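# Inside the fold
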Amino acid sequence: MTTPGPSPQANTLDIYVEKIARLRVAARQGRASPHKICMLLAVLGLARAGGLPENRITYGPPLLERYRRFFDAVSSPSDHANPYFPFFHLEGALRDGEASFWHLQPITGREPVLAAMTTARSNADITSNIAFVWLDPELHALLRDPEMADEMTARIGQQWFGRGLQDLEAVV
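A brief structural summary.

About the criteria used
- Residues numbered from 1 in each chain as written.
- Predicted model: local features only at pLDDT ≥ 70, side-chain atom pairs only at ≥ 80, totals over all residues.
- Heavy atoms only, no water.
- Helix = DSSP H or I, 4+ residues; strand = E, 2+ residues; numbered from the N terminus.
- Rg over C-alpha atoms; globule rule 2.2 N^0.38 Å.
- Buried < 20%, exposed > 50% of the residue type's maximum accessible area, 1.4 Å probe, protein only.
- Areas by Shrake-Rupley, 256 points an atom, 1.4 Å probe, with all protein chains shown as cover.
- Lys, Arg positive; Asp, Glu negative; His and termini not counted.
- Charge placed at Lys NZ, Arg CZ, Asp CG, Glu CD.
- Phe/Tyr/Trp six-rings, centres within 6.5 Å; stacked < 30°, edge-to-face > 60°.

### Points about the overall build of the chain
- Each helix and strand counted, the chain has 9 helices and 4 strands in total.
- Written out in order from the N terminus, the α and β elements of the chain read α-β-β-α-α-α-β-α-α-β-α-α-α.
- Its C-alpha radius of gyration of 16 Å places the chain within 12% of the 16 Å reference for a compact globule of 172 residues.
- Its C-alpha atoms give the chain principal-axis dimensions of roughly 60 × 35 × 30 Å.
- Taken over 172 residues, the chain has a buried fraction of 42%.
- As displayed, the chain offers around 9,000 Å² of accessible surface, 52% of which is attributable to carbon and sulfur atoms.
- Of the side chains in the chain, 17 bear a positive and 19 a negative charge, and the two mean positions are spaced by 7 Å.

### Quick look at the packing of aromatic side chains
- Across all of its chains, the model carries 5 aromatic pairs by this definition.
- Look at tyrosine 16 and phenylalanine 101: their rings are 6.2 Å apart centre to centre, the planes differ by 85°, and that puts the pair in the edge-to-face class. Residue tyrosine 16 is located in helix α1 (residues 8-21), and its partner phenylalanine 101 is located in the loop between α4 (84-89) and β3 (102-106); the two are separated by 85 residues in the primary sequence. Assigned by exposure class, tyrosine 16 and phenylalanine 101 land together as buried.
- Arranged with centres 5.7 Å apart and planes meeting at 25°, the rings of tyrosine 67 and phenylalanine 71 form a pair that is stacked. On the criterion of helical spacing, the pair formed by tyrosine 67 and phenylalanine 71 is a turn pair, its members being 4 residues apart in helix α3 (residues 61-74). Here the two residues tyrosine 67 and phenylalanine 71 agree in accessibility, since each one is buried.
- Members of the aromatic cluster, connected to one another through ring pairs, are Tyr59, Phe87 and Trp102.

In short, geometric facts, not functional conclusions.
Rendered as structure tokens:
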């Protein structure tokens, strides 16, 4: 008799936790910048609250308020929240050059402007050019399962900040 292996969802979870571990993040004085991870935790918070029925993440209060709570909980005094940076730069390649799981959808007619942008310097850069972000379909499907979203939040929080799900929930 063979023991069943991990579920397909568990395998997908492992794949995306590993991809998140390969994000390119700025580092200062040996400490990783919290911006991208806080944005991902905000998205996971939206998912856990049932706020991602569609594969569409908008740059608005539900996301930005969650981002700010996570950021305030883990940032140092020298960090500045600037949510437009991670919202834009999560699309960049992973450390090994693999494409990201985060995809910017331009506002109709703004495709050339977004294609020419190398960074976002303000909230207006996002709201004037990006309609929404969509995730790899496999990741979005995973996040629609509350248990998987909880597990991903716990693993990412532990990996990046040394805090599990309960600890993160206590501070946000």
